[in-house]
Amino acid sequence: MSFTTTAISFIVLGLGLLLCGWRFLGSANSKTKANGDLTGVLIGSFLILFAIENLILGFGALFSSTCASCSTKVLILANTLLPIISVFGVYNIYYIFLPKAKYFFVLVSLAALGVFGIVLTVVTQPRPFITSAGGLDWNMSPLLSSVIFFLLIVAIGSELYIFIRLFFNSASLEIRILSLVLGFLAATGIADQILRFIVLHSYPPHLRTLVYDLITGGIGIGFLLALMIFSLFNKPRIQDKERL
């Protein structure tokens, strides 16, 4: 077991996403469910799935960072879940905000890219290693990094779009405040991926990983703080779906 910055940052982010997702599930009362409004359930489930993927990476980095083959298996598992999250995020956008739009081809194309990423992970067998700065570099091939980058942008971008729409259209002040905070965190997450996979791509692994871990951990802390803001109110409800 090794306490790398990567393990800590992903665990913190995973916990933040998990607790926020749980609160969104709690915001969906029986009345809205009975009326067919699954907004809270869908958003909460999406955040929980994202949390599981991050916790897999976090605890995987914690317990298998000294075993290259074990870290590879962790990466394969996480990269298997990521396409599901991306597809589910896009599905949520269409289901909640664009129910009349045709989106089958978009989901199928995204799923196909995800399958390609899974196969590529298995074939290339990345060998993660601990950097001199105490982080874990996943050591993925350029092609696999590109696929993972795109899937992450889609997943986090879906989150950003959802919270932007909730901020502008929700009748609940509590949901608008929370959406503003979570939207900002999602935008920061997209910037973090661009920084890691594009801007710092050619930089030394220890620097690239350290910057990425610090921002990732900061986003996780932000989600935990957002949960505290959410808890200040008496179980806000996601309502007035017709305005979305």
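Look a little higher up for the structure.
The paragraphs below set out a description of the structure included in this document. (Residues numbered from 1 in each chain as written. Predicted model: local features only at pLDDT ≥ 70, side-chain atom pairs only at ≥ 80, totals over all residues. Heavy atoms only, no water.)

## With respect to the overall build of the protein chain
Across its full length, the protein chain carries eight helices and two strands. Across the 244 residues in the protein chain, those meeting the buried criterion constitute 50%. Pairs at least 24 residues apart make up 77% of the contacts formed inside the protein chain by residues separated by at least 6 positions. In the structure as shown, the protein chain presents an accessible area of about 11,100 Å², 72% of it carried by carbon and sulfur atoms. (Helix = DSSP H or I, 4+ residues; strand = E, 2+ residues; numbered from the N terminus. Buried < 20%, exposed > 50% of the residue type's maximum accessible area, 1.4 Å probe, protein only. Contact = heavy atoms within 4.5 Å. Areas by Shrake-Rupley, 256 points an atom, 1.4 Å probe, with all protein chains shown as cover.)

## Regarding the side chain of T209
Topologically, T209 is positioned in helix α8 (residues 205-231). When residues no more than four places from it in sequence are discounted, the contact partners of T209 are T6, T131, G135, L136 and D137.

## Here we look at a nonpolar patch on the surface
Residues M1, F3, I8, F59 and F63 make up a contiguous nonpolar surface patch of about 600 Å² in total accessible area. With respect to the helices and strands, I8 occurs in helix α1 (residues 5-27). (Patch = residues over 30% accessible without salt bridge, like charges linked within 9 Å, V, L, I, M, F, W, Y side chains within 5 Å. Salt bridge = Lys/Arg side-chain N within 4 Å of Asp/Glu carboxyl O.)

## Focus on unusual backbone geometry
With a phi angle near 50°, Q125 is a residue other than glycine that sits in the positive phi range. Given the relative accessible area of 31%, Q125 is considered partly exposed.

## Regarding the side chain of N54
Within the element layout of this structure, N54 appears in helix α3 (residues 39-64). On the basis of relative accessibility, which here comes to 4%, the residue N54 falls in the buried class. Non-local contacts of N54, meaning those with residues more than four positions away in its chain, are made with F10, L13, G14 and L17.

## Describing the environment of V90
Looking at the secondary structure, you find V90 in helix α4 (residues 68-97). Separated by 16 residues in the primary sequence, V90 and V106 place their C-alpha atoms 8.5 Å from one another. Not counting chain neighbours up to four residues away, the residues in contact with V90 comprise V106, L107, L110, V154 and S158.

## Regarding the environment of E159
You can see E159 is positioned in helix α6 (residues 142-169). Judged by relative accessible area, E159 falls into the buried class, the value being 4%. Residues E159 and V90, spaced 69 residues apart in sequence, show a C-alpha to C-alpha distance of 8.9 Å. Once residues within four sequence positions are removed from consideration, E159 is found in contact with F46, L47, F50, L182, A186 and F223.

## Re the nonpolar core
Counting 32 residues, the largest nonpolar core has I43, L47, L182 and F223 as the members making the most contacts within it. Secondary structure elements with two or more residues in this core: α1, α3, α4, α6, α7 (173-199) and α8. Filtering out sequence-adjacent residues up to four positions away, L47 remains in contact with L17, C20, G21, F24, E159 and F163. Of all hydrophobic cores here, the second largest spans 28 residues; its members include L55, L82, Y103 and L136. (Core = buried A, V, L, I, M, F, W, Y, C linked by side-chain atoms within 4.5 Å.)

## Some points on the packing of aromatic side chains
In total, this model carries 12 aromatic pairs according to the counting rule given. Plain terms: the ring middles of F46 and F88 are 6.4 Å apart, the flat faces sit at 50° to each other, and that makes the pair tilted. Of this pair, F46 sits in helix α3 while F88 is found in helix α4, placing the two residues 42 residues apart along the sequence. Just as F46 is buried, F88 falls in that class too. The rings of F46, F50, F88, Y91, Y94, Y95 and Y103 are connected pair by pair, giving a single aromatic cluster. For R176, the ring lying beneath its charged end belongs to F167, and the centroid distance is 5.2 Å. One residue, R196, lies across the ring of F197, its end atom 4.8 Å from the ring centre. (Phe/Tyr/Trp six-rings, centres within 6.5 Å; stacked < 30°, edge-to-face > 60°. Lys NZ or Arg CZ within 6 Å of the ring centre and 35° of its normal.)

## Some details on the packing of helix α5 (residues 104-124) against α6
In contact at an axis separation of 10 Å, α5 and α6 are set at 145° when each is read in the N-to-C sense. Between α5 and α6 the crossing geometry is left-handed. Residues L110, L113, G114, F116, G117, L120, T121 and T124 of α5 touch α6, and the partners they reach there are L143, L144, V147, F150, L151 and V154. Per-class residue counts for the contact of α5 with α6 are 10 nonpolar, four polar and no charged. (Axes fitted to C-alpha atoms, helices over the stretch in contact; angles between N-to-C directions. Left-handed = near helix turned anticlockwise from the far one by under 90°. Nonpolar A, V, L, I, M, F, W, Y, C, P; charged D, E, K, R; others polar.)

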